[in-house]
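Spelled out, the chains give:
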Amino acid sequence: MSRLYPLFATAGLCAVTLATPPWAEDAPPPVDQFALNALVLSGQSEDAFLQAFEAGDELTEFSFDANRGVGANVGEGHRFARVPRADLAGYGEWAQHFPTREGGPNATSCIACHAAPAPNGAGDVAMNVVVDPGHTGDPALFLERNTPALFALGIPQRLAEEMTLELATQRLSTEAEACAKGIATTALNAKGVAFGSLTLHRRAENPCKLQPDSSQLSGIDADLIVKPFGWKGSHASLRGFTRDAAHNELGMQAVELVGDQDGDFDGVTDELTVGDLTALTIYMAALERPVSTIELANLGLQEMSEAQRRRITRGEVLFALTDCSSCHIPQMTLNDPTFSEPSRVTGYVDATLPSGADPAALGLTGDSAIHVDLTQDQPNNQIKLANGATHHLGAVERRNGQAIARWFTDFKRHDMGAALADPADPTGLGAATFMTRSLAGVGSTGPWLHDGRATTLDEAIRLHGGAAADSRSQYLNLSQQAQQAIVAFLEAQVIYTSGEEDH
Ligand code: HEC
Ligand code: HEC
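What comes next concerns the included structure. These figures come from a predicted structure and were not determined experimentally.

## Quick look at the coordination of the iron atom of ligand 2
- Those donors, His328 (NE2) and His464 (NE2), are the protein atoms that reach the iron atom of ligand 2, and they lie 2.0 Å from it.
- Coordination geometry of the iron atom of ligand 2: the six donor atoms subtend angles of 87 to 179° at the metal centre, consistent with an arrangement described as octahedral. A residue pair is termed long-range when its members are at least 10 positions apart, and histidine 328 in the loop between helix H9 (324-327) and strand E9 (332-334) and histidine 464 in the loop between helix H10 (457-462) and helix H11 (469-476) qualify at 136 residues.
- The exposure class assigned to histidine 464 is partly exposed, which follows from its relative accessible area of 21%.

Written out as structure tokens, the structure reads:
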């Protein structure tokens, strides 16, 4: 038997036929990528965007149940696991799942962890994820990760895409030079961030063959793709991260991850559709950006004394003077603020899906991509002002025609010193290596640092070491009042949701 399922109850136009669902009636129906594509291709791009956004909202909030495939066959009768269970290696158990598990499954919804101070936010240490990517089964080698916030994630992906394009151009000219001269070295630089240097040696002529020497690169992988997601900066695309999160945290395995297989042996296949992943990606990309309390005060949304305002402004100056801003770069310009899913940039779009499928065969094609203009399309946080006008607080600022993203990172990995190191280095990126964490919204996302060990912002700063040791010393040498001003500046970076959804 089959039954008509609209993409949404209200969107009868793009009804798609799916088998009768075994899951709860209030569950979000699976999103059909081809129905979204049909909207885009018939000129209704905005509808496609809004429907994907709305569906992503439901998918992040919804508590999935076993019929829909949440959880996994952990072993010993368990469906969920707070700690990795590489010891359970019997047929179909934790250690046998494919793709290989890192941790979990440990929740039934995304916002079970991404919760503070509002849905899609960060998590307390109780929501820390414990992972064992190497399947050691040894608790002494488990890694802990604190839950970061999910707002406006189109910003970091777009910035990273543009940086990667810049680096690709620099690599191309180095290639041309090395082919002509036999060897060439170029200092790599994107949006003002130095990524060390790349040397290419010519190994053959006609056709020219080159061998790279990547040993002098800094803070980036040899593929020169800037990876903005994860505490280690290990994932390039929002879609890629999300598909792994759904598998590891929820035990919800996307079709594009496992095809028609039941990789977590819970008796359910097709747990998330290609359209579901598109919806989740579009949703997080187009969520409103974190703001500053000064913006809120200027809009009359919050009280602020002159003294408070002066302290925050002084803190901002001191933040730069103590070189915090050398890593936490306060702002970057987006040449093209349009986020696209699928992405238009190599490295951020799947050439082949992890399942082995051709993305185009499943509806992921450039001509039917959903676009989000990060300077105006965010449905949330459109604030009605006293004079009747609307201020779009959710959008990336436009100043003198330029899109200014205040993300407070250089998207580079740094050695943060032995004291902050993970107990193991299963991915080979360096136990003490972490990507400069964005400070957008940092006043609302405590506890801080990759495992949530810092219970105050002052502690988070004092725990900086390694490449940040110098900056930390400068902070420690400031007067207590000056330190408090820096903390006040950080506290002023907040997550704000108006509660009104204007869609
Ligand atoms: C059990 C808690 C938990 C659940 C449930 C969870 N997450 Fe996360 N999420 C985390 C943690 C912890 C991290 C940091 C992981 C890391 O960096 O290694 C994270 C990171 C992310 C990131 C990267 C953010 C960034 O800026 O680096 C995205 C995107 C994300 N999660 C999306 C999701 C989505 C979508 C879901 C639901 C399908 C989900 N998460 C469910 C805990 C959770
Ligand atoms: C060498 C680069 C570098 C410098 C300089 C630096 N930081 Fe950081 N910062 C990082 C990295 C990397 C992390 C993430 C550490 C981790 O994952 O545990 C981080 C994390 C943070 C966090 C916690 C963010 C969160 O969401 O948990 C705060 C707050 C912070 N830095 C503030 C500062 C301040 C203030 C200064 C100047 C006194 C500073 N940083 C200087 C690289 C740097």
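What follows continues from the structure just given.
## Observations concerning unusual backbone geometry
- With omega at -10°, the peptide bond leading from phenylalanine 98 into proline 99 counts as cis.
- Within the secondary structure layout, proline 99 lies in the loop between helix H2 (45-61) and strand E3 (129-131).
- The step from glycine 104 to proline 105 runs through a cis peptide bond, and the omega angle for that step is 0°.
- On the secondary structure map, proline 105 appears in the loop between H2 and E3.
- A positive phi angle, close to 80°, is found at asparagine 120, a residue other than glycine.
- Looking at the element boundaries, asparagine 120 is found in the loop between H2 and E3.
- Despite not being glycine, phenylalanine 408 has its phi angle at roughly 55°, a positive value.
- Here phenylalanine 408 is to be found in the loop between strand E15 (402-405) and strand E16 (413-415).

## What to know about the packing of aromatic side chains
- Taken as a whole and judged by the stated rule, the model has eight aromatic pairs.
- Centre to centre, the rings of phenylalanine 98 and phenylalanine 265 are 6.1 Å apart; their planes meet at 90°, and the pair counts as edge-to-face. Taken together, the residues span a long stretch of sequence, with phenylalanine 98 in the loop between H2 and E3 and phenylalanine 265 in the loop between helix H5 (255-258) and helix H6 (274-286) at a distance of 167 residues.
- Sitting over the ring of phenylalanine 434, lysine 232 keeps its end group 4.1 Å from the ring centre.
- In this structure, lysine 412 is placed above the aromatic ring of phenylalanine 195, and the distance from its NZ or CZ to the ring centre is 6.0 Å.

Rules of the game
- Residues numbered from 1 in each chain as written.
- Chains lettered and ligands numbered in written order.
- Predicted model: local features only at pLDDT ≥ 70, side-chain atom pairs only at ≥ 80, totals over all residues.
- Heavy atoms only, no water.
- Donors = N, O, S within 2.8 Å, 3.2 Å for Na, K, Ca; no water.
- Tetrahedral: all angles 85-135°; square planar, octahedral: opposite > 155°, others 65-115°.
- Helix = DSSP H or I, 4+ residues; strand = E, 2+ residues; numbered from the N terminus.
- Buried < 20%, exposed > 50% of the residue type's maximum accessible area, 1.4 Å probe, protein only.
- Phe/Tyr/Trp six-rings, centres within 6.5 Å; stacked < 30°, edge-to-face > 60°.
- Lys NZ or Arg CZ within 6 Å of the ring centre and 35° of its normal.

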